[in-house]
Each structure stands twice: as C-alpha cells, then as structure tokens.
Amino acid sequence: QVQLVESGGGSVQAGGSLRLSCAASGRTISSYGMAWFRQAPGKEREFVAAHNRNTYYANSVKDRFTISRDNAKNTVLLQMNSLKPEDTAVYYCAADIDFCSAYGCYAGVHNYDYWGQGTQVTVSS
C-alpha cells in the first residue's frame, strides 16, 4: 500500500505561484507513474500533469505548471506559476503502478491505483 499526502495549497491572487507537494509513504514511488489531477466544484476530476520517464501536461496548464519528483524524499512536486481563477480546485496526487504513456492511460482517473486526500487551491481575480 502507498499513502499519499498533499500539501502546499492555499489562496493566491491571479498571476501568483504555489508549489504543491505530495509525500508518499509505505513504498518507494520511484518506479510508479505519478500524476496530479484537480476537481473544481460541480465538475469532474481532470488530469493536470503526469511524470514517469517523461512529463505530460494538460493543455490548460502547459508552460505554467511543472511536475517533478524527488526520489530521495519519495515526493512529487507541482510548481504552479501564472495562476488563473480557473485553476481553483482541489488538487489530488495519484500513483499508477503500471504507467502507460498513451494519453488515454495517463490522463484517465481510473488508471491510478492510489490517491491522496487533496489540497485546496484558490485563485482570486
């Protein structure tokens, strides 16, 4: 079992930055595909970014967000710059044991085996 705990969320004005962190415990995640998803009120959970050997981003966050991992700390990070009000959501960290590099795999909620509880990000205009 893998436990994932997100942190770093908060409130920020448009144009600002936040860095989310996802700390894993229970097993090392170095061989897992890791991703961030988000869910805004009344909307479905959506893909944001993923990292395995390569990085993958939703078009809406490309060039603004950066996913990375620190294997020594068993942690995944999401650096979010130039934030917009539409980025407001609960952000979730997820781990996939058998990561697949096709969009239909890494962007699919149901392909991930472990999830964190989420951290709220609020961007005001």
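Definitions and cut-offs
Residues numbered from 1 in each chain as written. Predicted model: local features only at pLDDT ≥ 70, side-chain atom pairs only at ≥ 80, totals over all residues. Heavy atoms only, no water. Phe/Tyr/Trp six-rings, centres within 6.5 Å; stacked < 30°, edge-to-face > 60°. Helix = DSSP H or I, 4+ residues; strand = E, 2+ residues; numbered from the N terminus. Buried < 20%, exposed > 50% of the residue type's maximum accessible area, 1.4 Å probe, protein only. Lys NZ or Arg CZ within 6 Å of the ring centre and 35° of its normal. Salt bridge = Lys/Arg side-chain N within 4 Å of Asp/Glu carboxyl O. Pairing = 2+ DSSP bridges. Disulfide = S-S within 2.5 Å. Core = buried A, V, L, I, M, F, W, Y, C linked by side-chain atoms within 4.5 Å. Contact = heavy atoms within 4.5 Å.

## A look at the packing of aromatic side chains
Counted according to the given criterion, the structure contains 9 aromatic pairs. Seen from their ring centres, Phe47 and Tyr106 are 5.3 Å apart, and the 55 degrees between their planes marks the pair as tilted. Taken together, the residues span a long stretch of sequence, with Phe47 in strand E5 (residues 46–51) and Tyr106 in helix H1 (residues 103–106) at a distance of 59 residues. Pair check on accessibility: Phe47 and Tyr106 agree, each one buried. One aromatic cluster in this structure is built from Phe37, Phe47, Tyr56, Phe99, Tyr103, Tyr106, Tyr112 and Trp115. Note that Arg45 overlies the ring of Trp115, its terminal NZ or CZ placed 4.9 Å from the centroid.

## Observations regarding the pattern of salt bridges
Summed over all chains, the structure comprises 3 salt bridges. We note a salt bridge from Asp87 to Arg38, for which the minimum N-O separation is 2.9 Å. Of this pair, Asp87 sits in the loop between strand E8 (75–80) and strand E9 (89–96) while Arg38 sits in strand E4 (residues 33–39); the two residues are 49 residues apart in sequence, bridging distant segments of the chain. For Asp87, a relative accessible area of 0% corresponds to the buried category. Among the salt bridges present, the one from Asp87 reaches Arg64, with a minimum N-O distance of 2.8 Å. With Asp87 in the loop between E8 and E9 and Arg64 in the loop between strand E6 (55–57) and strand E7 (65–70), the pair connects residues that are 23 residues apart, well separated along the chain. Connected through shared salt-bridge partners, Arg38, Glu46, Arg64 and Asp87 make up one network.

## Focus: the pairing of E5
Most of E5 sits out of view: 5 of its 6 residues are buried. Between E4 and E5, which follow one another and run antiparallel, lie 6 residues, and Gly42 among them has a positive phi close to 80 degrees. Direction of pairing for E5 relative to E6: antiparallel, over a ladder of 3 bridges. Residue pairing in the sheet places Ala50 in a bridge with Tyr56 of E6.

## Considering the state of the cysteines
For the structure shown, the criterion picks out 2 disulfides. Disulfide pairing is shown between Cys100 and Cys105; the S-S distance is 2.4 Å. Between Cys100 and Cys105 the sulfur-sulfur dihedral comes to about 55 degrees; the bridge is accordingly right-handed. Residue Cys100 is classed as partly exposed on the basis of its relative accessible area of 27%. If you count the bonded cysteines of the chain from the N-terminus, they pair up as 1-2, 3-4.

## Quick notes on the nonpolar core
Leu4, Trp36, Leu78, Met80 and Tyr91 are the most contacted members of the largest nonpolar core, which totals 39 residues. In terms of residue count, E9 provides more of this core than any other element does, 5 residues in total. Those residues in contact with Leu4 that sit more than four places away from it in its chain are Cys22, Ala23, Ala24, Met34, Cys93, Ala94, Ala95, Tyr114, Trp115, Gly116 and Gln117.

## A short note on the environment of Phe99
Checked against the element boundaries, Phe99 lands in the loop between E9 and H1. Counting along the chain gives 49 residues from Phe99 to Ala50, while the straight-line C-alpha distance between them is 9.7 Å. Not counting the four nearest positions on each side in its chain, Phe99 is found in contact with Gly33, Ala50, Asn52, Tyr56, Tyr106 and Tyr112.

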